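Architecture and fold: a report
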Amino acid sequence: MDRLSPEQLNPSIYVGLRLSSLQAGAKEAHYLHSLKLSYQQSLLSNDNSDSEAKPSMGQLALYLLALRANCEFVGGRKGDRLVSQLKRFLEDEKGAIGHNHQGHPHTSYYQYSLGILALCVHQKRVHDSVVGKLLYAVEHEQHLQQGHFPVDTLAMAGLAFSCLKLSNLNPNQRNRITVALGRVQEKILKAQTPEGHFGNVYSTPLALQLLMASLRPTVELGTACLKAKAALLASLQHKAFQNPLMISQLLPILNQKSYVDLISPDCEAPRVLLEPATETPSQTQVPGFIHVTLKVSSISPSYRHSVSVPVSSSLEDVLKKAQEHSRFRYGTQASLSGPYLTSVMGKKAGEREFWQLLRAPDTPLLQGIADYRPRDGEAIELRLVGW
């Protein structure tokens, strides 16, 4: 098996598998070995000429979670450098937020929370001022984008708070952490939909991880969790989970686990060996085609073009086809959840902008370009929006 780059390797997959009731045998050990080779070489290299190839704060945090999922504590010279790098990331983000809390992280509060969580499970303390920025953001959500945190960001912040509370790494902040954790749980419970999801189907696994890790379970919380699990099982039957990152967040839930369990992972727990998937032979059929209309109104002149692609094509396939046969152009950037749009028709998203995917007229897509599969006759709009 060839070595993969940090962008191609996904530590979240390893974390999810280790917190599940499943194991992949020798492949699992090989995957961790590949992670270590790739991440340590890229992060510990003195060559700064290819900074884009170096893992982001979120990727580094997930790598540290993967090490802890294998019951490893970071240590020694190499481990200390990894910890120092993640702390530098957090300090840079703290500086971007500013003393008056009027700024924003370069990445997101989701990655900021993930970084704190990763250091916490390794028993590495971060400064009170770093934790304080996240506490303030949860306490004063009104100044954030659209006045609130998305559910998955709330859940990740809550997981970080849960770890900090259990580990007592920041005793001076303990009371604020306890209050903020309760606030996060309350807001997530209020975000439950009639169908049972917290926010939407893809933010529900992380929300459930947080709620299941609650130190004060209540009847209301238990009922909400049971309803959410039932909704997730129904979504699984409809094959809603195709993205590896989303699946990796779901696997611990099915085993009654959460990222907080990485404080003291049970690496001796029995896990069932995964069997290779087998496909049932089917009769050869000529694939059908669908017609999708692609629209871009955030540029002048606006763009509108109909594209014909095979059934079950992804939105990314539609974009590629449009680029081949029209004036359409687009750019992407790799992330752990798949490629995301960075530019359309030569127009790049600014610092506080992104290219939103909508099913016409105004329904935001919950999946990325690699995961969403349009239906015949749909119109998809790419819209540049601020946040």
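Details of the structure are given in the entry above.
Here's what I pulled together on the structure shown here. (Residues numbered from 1 in each chain as written. Predicted model: local features only at pLDDT ≥ 70, side-chain atom pairs only at ≥ 80, totals over all residues. Heavy atoms only, no water.)

1. Thoughts on the overall build of the protein chain
Worth spelling out the cut-off: Under the scheme used here, helices are H or I runs from DSSP no shorter than 4 residues and strands are E runs no shorter than 2 residues, and both carry numbers assigned from the N terminus. Throughout, radius of gyration means the C-alpha value; the globule benchmark is 2.2 Å times the number of residues raised to the power 0.38. Two residues form a contact once any of their heavy atoms are found within 4.5 Å.
The helix and strand inventory of the protein chain stands at twelve helices and ten strands. Computed over C-alpha atoms, the radius of gyration of the protein chain comes to 22 Å, within 12% of the 21 Å expected from 2.2 N^0.38 for 387 residues, which places it in the range of a compact globule. The principal-axis extents of the C-alpha atoms in the protein chain amount to approximately 60 × 55 × 55 Å. A fraction of 66% describes how many contacts in the protein chain between residues 6 or more apart in sequence connect residues 24 or more apart.

2. Describing the packing of aromatic side chains
Going by this rule: Pairing of aromatic rings covers Phe, Tyr and Trp, the last counted by its six-membered ring, and requires centre-to-centre distances within 6.5 Å; plane angles under 30 degrees mean stacked, over 60 mean edge-to-face, and any other angle means tilted. Buried, partly exposed and exposed residues are distinguished by accessible area as a fraction of the type maximum, computed with a 1.4 Å probe on protein chains only: under 20%, between the cut-offs, and over 50%, respectively. Look at NZ for Lys and CZ for Arg. If either is within 6 Å of the ring centre and within 35 degrees of the ring normal, a charge sits over the ring.
If you walk through the whole model with that rule in mind, you get six aromatic pairs. Here Tyr109 and Tyr112 contribute two aromatic rings whose centre-to-centre distance is 6.3 Å and whose plane-to-plane angle is 75 degrees, an arrangement assigned as edge-to-face. With Tyr109 and Tyr112 both in helix 5 (residues 109-121) and three residues apart, this pair spans about one turn of that helix. Both residues of the pair, Tyr109 and Tyr112, count as buried. Taking the centre distance of 5.4 Å and the plane angle of 40 degrees together, the rings of Tyr303 and Phe328 count as tilted. Of this pair, Tyr303 sits in strand 4 (residues 303-310) while Phe328 is found in the loop between helix 12 (315-325) and strand 5 (330-333), placing the two residues 25 residues apart along the sequence. Both residues of the pair, Tyr303 and Phe328, count as buried. One aromatic cluster is present, built from ring pairs that chain together Tyr109, Tyr112 and Phe149. The cationic tip of Arg68 hangs over the ring face of Phe73; the distance from NZ or CZ to the ring centre is 3.7 Å.

3. A closer look at the sheet that holds strand 4
What counts, and what does not: Note: two strands are recorded as paired if DSSP finds a minimum of 2 bridges between them. Helix axes are fitted only over the stretch in contact, all axes being lines through C-alpha atoms; the angle between N-to-C directions runs from 0 to 180 degrees.
Taken in spatial order, the five strands make up an open sheet running 4-3-10-8-9, and their pairing is mixed. Of all the strands in the sheet, the pair left with one neighbour each is strand 4 and strand 9 (363-364). Sheet topology note: the strand 8 (residues 353-359)/strand 9 ladder contains two bridges and is antiparallel. Each bridged residue has a counterpart across the sheet, and for Arg359 the counterpart in strand 9 is Thr363. Sheet strands in contact with helix 12 are strand 3 (289-296), strand 4, strand 8 and strand 10 (379-386), and its direction is about 115 degrees off that of strand 4.

4. Quick look at the state of the cysteines
As a reminder, the rule being used: Defined by distance alone, a disulfide is two cysteine sulfur atoms within 2.5 Å.
In the structure shown here, the tally under the stated rule is two disulfides. Paired by a disulfide, Cys120 and Cys163 hold their sulfur atoms 2.1 Å apart. Negative torsions about the S-S bond denote left-handed disulfides, and the value of about -100 degrees found for Cys120 with Cys163 makes this one left-handed. Here Cys120 is found in helix 5, whereas its partner Cys163 is found in helix 7 (residues 151-167), with 43 residues between them in sequence. Judged by relative accessible area, which is 0%, Cys163 ranks as buried. For the protein chain, the bonded cysteines connect in the pattern 1-4, 2-3 when numbered consecutively along the sequence.

5. Here we look at the pairing of strand 10
Most of strand 10 sits inside the fold, with six of its eight residues counted as buried. Here strand 3 runs beside strand 10; their pairing, made up of four bridges, is parallel. Paired with Lys295 across the strands is Glu381, a residue of strand 10. Taken together, the seven bridges between strand 8 and strand 10 define a ladder with antiparallel strand orientation. Directly across from Leu358, in strand 10, lies its bridge partner Glu381.

6. Some details on the layout of surface pockets
Which entries qualify depends on this criterion: We place a 1 Å grid over just the protein atoms. Points where a 1.4 Å probe fits but has no way out form a cavity, open points with protein on both sides within 12 Å along at least 5 of 7 lines form a pocket, and any residue with an atom within 4 Å of a point lines it. Grid points are joined across faces, edges and corners, and a volume is the space filled by probe spheres set on the points.
The volume enclosed by the second largest pocket comes to roughly 390 Å³. If you go around the second largest pocket, you meet 16 residues; those closest to its centre are Ile13, Leu17, Ala24, Lys27 and Leu274. If one sorts the elements of the lining of the second largest pocket by residue count, helix 11 (residues 244-254) sits on top with four residues.

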